[in-house]
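# Summary of the model geometry
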Amino acid sequence: MTFSRLSVLFSLVALPLVGQVLPSGNTVRQVAKSVPQTNATLLRSSKDSTAVKDSSSKSVKEQSITEIVEYSAKDSLVFEEGGVARMYGTGSVKYGELKLDAGYIQMDMDSSLLSAVGRPDSAGKMTEDPVFKDESGEYKSKGLKYNFKSKKGLISQVVTQQGEGWIVGGTTKKMTDDVLCMVNGKYTTCENQDHPHFYLDLSKAKVKPGSYIVSGPAHLVMEDVDLPLMLPFGYFPFKGKYSSGFLMPTYGDELQRGFYLSNMGYYFAFNDYVDLALRTDLYSKGSWGVKVNSTYRKRYKFSGNFSASYVETVSGEKSLPDYSKAKDLRISWSHSQDAKADPFRTFSASVNFATSGYTRNDLASLYNQNAFAENTKSSSVSYSQRFPESPWSLSASMTVNQSSKDSTLSVSLPGLSLNMTTIYPFKRKNAVGEERWYEKIRVGYSGRMANSISNVKEYDIMHKSIIKDWRNGVMHSIPISATFNVLNYISINANMSYNERWYSSSLDKSYDPVIDKVVTDTSWGFNRVWDYTASVSASTKLYGMYQMNPKIFGNISQIRHVMSPDISLSYRPDFGQSRYGYWDEFSYLDSKGKEQVVTYSRFSNGLYGSPGRGESGTVNFSVANQVEMKIKQVTDTAINYKKVSLIDDLRFGTSYNMAADSLNWSDITASIRLKFSPSYSLNLGGSFQPYTFILNSDGNPVRVNRTQFAKYGIPGRLTGTGTSLNYTLNNDTFKKLAKIFQKKQANADAENGAKPEGTENQSTPAKPLDAESALYAPCKIPWSIGISYTVRYGQSDFNKKKLEYNYDLSQNLSFSGSLSLTDKWKFNASTSYNFDAKRLATMNCSVSRDLHCWTMTASFIPIGPYKSYNFTIAVKSSLLEDLKYEQHQNPRDNNLWK
């Protein structure tokens, strides 16, 4: 039977009801009618000294209950003399912020005492354990006693969640300030509180819910095995919001730098928008490092991260010749602006700068194998501003490109650009009639200013002069274009581009016979260098349809060929003439007494180059081809056609310079793309050399004005080509193949008149699964294998006998795979084989195991210069992240760095 939830007012006067059990369907209010009316009046505060009298004028004790008590029970409710109520079966009591649910609850109003335990089920197992909840939190237990008045309680085997972990107490006393004092307690982050996989056995502990845990001596227990890992005391803080605190270090040792403490520091939680982490690395042989990391975010505005690291590495002893000290720096900054912040102004940053020795000296980078494969680093900071209702936009940028191979830098600082989107200056505002030809003329503008330096050593960049060593300049470009249609099928595009450069210096070269060298003088001053080009092009599309004979080609209905020819003519004057002043020459006598004339550009050091020398009138030819076929598909209800791509793109191109006196033809370019599926295609591209070679006086090959066709009868000789093929095999690969095979088999059976499978005896019921097969679930082992094959065929060394280049074939085969034997075990591996070196490159292998509340990872590199291993088993919880075991081999100890 179930009692409805009632609100009953209790006084400390004994109720004149003895041993009454409520019948089914009755309520507590029905029983309370036999109580004098004064006993059912609203309870007064315990501070009220006024006595409440019943109908017999007896004095009532001062009340200690200040609020309404709400209670209910599922099975039965028993009231006893002396203000005792017993609740059987899913009992519930609510008093203010206090709430208690249990299988059995006893409430003694005279002593203000509340007791609760679970109850056994039909099998004798205890169920419906007490769950106590107040303003301090929620507590699960096996039994409890709680005093309304003193707000103290005694709890046995309490379970409460604090932060990311759970407290399981043996005998616990709840104090008035919500502090829990316990003996023989447990602290664990395992979700299985009754039998955790691991826990810290706390001899004595004091718990302030939501704040901290302070414990006496404790030791670690794993899988019910007491481990000799002892703690003299423990302090576990809990915060409802993030706060500042110490960052615990990790320890280890190296052969060269000795024992170390890594990532020791302090975390500063300034506010909700920005934080700061300060860490340090200390080594026993004198090396040290410091790291700063800060994350910031403002919603709907911007977000970013900044980090800086400085490492000072000491190797060897001061008295020995192998002693060295290296100083390395790394700066990383990423900043992104929210798209909603400002539609006209954007700012972004992606900075990744590090000295060349930082990767091999920083402890964190040593275990990041990708850091060693990173040969280049790029950094950029950009700002852009668009002006509303205007075609103009302004942008500024800074870029740094770093090469780890030779420790060189290429820096551009600053870079400014002013751009104007394309406008139609001659278009009428109020157009009437058809569009005039001059209204199609488009004009744009782009201006760039930059200051840069290239291929300078990172240790030498601060010593370079901004005026003499850095290159700077301003570039203006004005493109003018128009598009017209001729005969409705031919598209004509006319273009003209004007470029102007501003430089602050020019070069004057001469030969000094005294020192037998070429002397270069730099002249400072404003220089205006301009040029222009013009071009016109025509393009169209030609369609060819081939109707196929069904008797010969079956279901192939049609083949369509689309040809897209393009021809263009471009012209550029000879800006090498003396009247422009862009090019100059000097002469000298060589060792044989013969005069040699050298032509040079006076602006070869200019940031945006110099106008070309020699007149150019080039005709460019290109043609693109696409071939598709249409397959007829006949069904019972309709006839459909499916398009299949035979050649997705086949393209050829070359050019002819009419103004050149020799070597008029350029290299012939060719490319093909075959599309086998929506996600897979084959791309091949290459170029062909149309001219032959001879050897000059120095024995080096030079091209001559004799074509390959004239010598060998071929249009050109291949200079090089290559492609890359990628394919992935996984669980679904063979399922798809099986479905395709079944579909083909079903179509074949339908054509032969066979009945579909399962329809031979429709009256016979399907055979049920046997008992054994029903007990086993299908085995699923997710796996994946990735294969990548790269091939390159191209020219190598020059064969002086044949007067042609030899060819080499380079190949590389890469494998990567993953396997999950179970939901908990994960295996990953990757490697590659170089056919030229005939050996495997570096191999990476990793194994991970999910241990419920723990995780285990093992990674190793069995071959290569970075051969090493790393084994870690650690608690998942971030609160106990230092409770772990690590064993690794430092890859630094395997390398002889140069």
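Just so you know, these numbers come straight off a predicted model, no measurement behind them.

## Some remarks on the overall build of the protein
Of the regular secondary structure elements, the protein holds 8 helices and 56 strands. Out of the 898 residues belonging to the protein, those deemed buried represent 31%. The contacts in the protein between residues at least 6 apart in sequence include a share of 48% that link residues at least 24 apart. Just so you have it, the protein exposes about 54800 Å², and 56% of that area is on carbon and sulfur atoms.

## A look at the pattern of salt bridges
Throughout the structure, instances matching the rule amount to 20 salt bridges. Across the pair Lys142 and Asp129 runs a salt bridge, and its minimum N-O distance is 3.0 Å. With Lys142 in the loop between β11 (137-140) and β12 (143-147) and Asp129 in the loop between β9 (126-127) and β10 (131-134), this residue pair connects regions lying 13 residues apart in the sequence. Where Asp649 meets Arg651, a salt bridge forms, and the shortest distance between an N and an O atom there is 3.3 Å. Accessibility expressed as a relative area gives 12% for Asp649, which makes it buried. Overall, Arg651 belongs to the partly exposed group, its relative accessible area being 39%.

## Digging into empty space enclosed by the protein
Following the criterion strictly, the structure yields 2 cavities of 30 Å³ or more and no others. Its volume calculated, the second largest cavity comes out at about 30 Å³. Every residue lining the second largest cavity is listed: Phe132, Leu144, Lys145, Tyr146, Gly153, Leu154, Ile155 and Lys174. Elements with a contribution of two residues or more to the lining of the second largest cavity: β12 and β13 (153-156). Residue composition of the lining of the second largest cavity, grouped by class: 5 nonpolar, 1 polar and 2 charged.

## Looking at the nonpolar core
In this structure, Tyr71, Met87, Val93, Ile105, Met107, Leu114 and Tyr187 are the most contacted members of the largest nonpolar core, which totals 43 residues. In contact with Val93, other than residues within four places in its own chain, are Val69, Glu70, Tyr71, Met87, Leu98, Lys99, Leu100, Ile105, Met107 and Leu114. Membership of the second largest hydrophobic core comes to 10 residues, among which are Ala450, Met475, Phe575 and Phe603.

## So, the pairing of strand β34 (residues 442-457)
Relative to β34, strand β33 (residues 408-423) runs antiparallel, the two being bridged by 11 bridges. Looking across to β34, one finds that Asn419 is bridged to Ser446.

## A few points about the environment of Arg651
Relative to the helices and strands, Arg651 is located in strand β43 (residues 639-657). It is 9.3 Å that separates the C-alpha atoms of Arg651 and Ser564, two residues lying 87 residues apart in sequence. Leave out the neighbours within four places in its chain, and Arg651 touches Val623, Ala624, Thr669, Ala670 and Ser671.

## Some words on unusual backbone geometry
That bond from Leu413 to Pro414 is cis: its omega, -10°, falls within 30 degrees of zero. Unlike most non-glycine residues, Glu128 shows phi in positive territory, near 50°. Note that Glu128 resides in the loop between β9 and β10. Residue classification places Glu128 among the partly exposed positions, given a relative accessible area of 28%. Backbone geometry places Asn184, a non-glycine residue, at a positive phi of 55°. Note on placement: Asn184 falls in strand β17 (residues 180-188).

## Thoughts on the packing of aromatic side chains
Per the counting criterion, the structure on display carries 35 aromatic pairs. When the centroid spacing of 5.5 Å and the interplanar angle of 50° are considered together, the rings of Trp288 and Tyr310 count as tilted. Note that Trp288 is positioned in strand β27 (residues 288-298) and Tyr310 in strand β28 (residues 302-315), a separation of 22 residues in sequence. Between Tyr582 and Phe603, the aromatic rings sit 6.4 Å apart at their centres with planes inclined by 70°, giving edge-to-face as the arrangement. With Tyr582 in the loop between β39 (556-572) and β40 (583-589) and Phe603 in the loop between β41 (595-601) and β42 (616-634), this pair connects stretches of sequence that are 21 residues apart. Phe603 shares its class with Tyr582; the two are buried.

## So, a nonpolar patch on the surface
On the surface, a nonpolar cluster with roughly 420 Å² of combined accessible area is contributed by Tyr251, Leu261, Leu282 and Trp288. Structurally, the position occupied by Leu261 is in strand β25 (residues 258-269). Owing to a relative accessible area of 36%, Leu261 belongs among the partly exposed residues under this scheme.

## Overview of the pairing of strand β20 (residues 218-222)
Extensive coverage of β20 is indicated by the burial of 4 of its 5 residues. Across 5 bridges, the pairing between strand β18 (residues 198-208) and β20 is antiparallel. Looking at the pairing, Leu202 lines up with Ala218 of β20. In this sheet, strand β21 (residues 225-231) lies alongside β20 in antiparallel orientation, the contact comprising 4 bridges. For Val221, the partnering residue across the bridge sits in β21 and is Asp226. Count of turn residues in the β20/β21 antiparallel hairpin: 2 residues, of which Glu223 carries a positive phi of about 50°.

## Observations concerning the layout of surface pockets
A probe as big as a water molecule, rolled over the atoms, marks out the empty space that is left. Considering only enclosed or pocket space, the largest pocket measures out at about 1800 Å³ in volume. What lines the largest pocket is a set of 45 residues, and nearest its centre among them are Met248, Leu879, Leu880, Glu881 and Asp882. When residues of the lining of the largest pocket are traced back to their parent elements, those giving at least two are β20, β21, β22 (234-237), β23 (245-247), β24 (250-254) and β56 (884-888). In terms of residue class, the lining of the largest pocket is built from 25 nonpolar, 12 polar and 8 charged.

## Things to note about the confidence of the model for the protein
Per-residue pLDDT for the protein averages 81, and the proportion of residues at 70 or more is 86%. Confidence, read as mean pLDDT per element, is least for strand β1 (residues 6-8) in the protein (30) and greatest for β39 (94). Ignoring residues within four places in sequence, the model shows residues 1-63, a span with pLDDT below 50, making 119 contacts including any to other chains.

## Observations regarding the side chain of Thr872
Its place among the elements puts Thr872 in strand β55 (residues 868-875). The buried category is assigned to Thr872, whose relative accessible area is 15%. Here Thr872 is in contact with Thr855, Met856, Thr857, Tyr885 and Glu886, once residues within four sequence places are set aside.

## Some points on the environment of Ile556
For Ile556, the location among the structural elements is in strand β39. Taking C-alpha positions, Ile556 is 6.2 Å from Lys632, a pair spaced 76 residues apart along the chain.

Cut-off values and rules
Residues numbered from 1 in each chain as written. Predicted model: local features only at pLDDT ≥ 70, side-chain atom pairs only at ≥ 80, totals over all residues. Heavy atoms only, no water. Helix = DSSP H or I, 4+ residues; strand = E, 2+ residues; numbered from the N terminus. Buried < 20%, exposed > 50% of the residue type's maximum accessible area, 1.4 Å probe, protein only. Contact = heavy atoms within 4.5 Å. Areas by Shrake-Rupley, 256 points an atom, 1.4 Å probe, with all protein chains shown as cover. Salt bridge = Lys/Arg side-chain N within 4 Å of Asp/Glu carboxyl O. 1 Å grid on protein atoms, 1.4 Å probe; cavity = no way out; pocket = protein on both sides within 12 Å on 5 of 7 lines; lining within 4 Å. Points joined across faces, edges and corners; volume = space filled by probe spheres on them. Nonpolar A, V, L, I, M, F, W, Y, C, P; charged D, E, K, R; others polar. Core = buried A, V, L, I, M, F, W, Y, C linked by side-chain atoms within 4.5 Å. Pairing = 2+ DSSP bridges. Phe/Tyr/Trp six-rings, centres within 6.5 Å; stacked < 30°, edge-to-face > 60°. Patch = residues over 30% accessible without salt bridge, like charges linked within 9 Å, V, L, I, M, F, W, Y side chains within 5 Å. pLDDT = per-residue confidence, 0-100.

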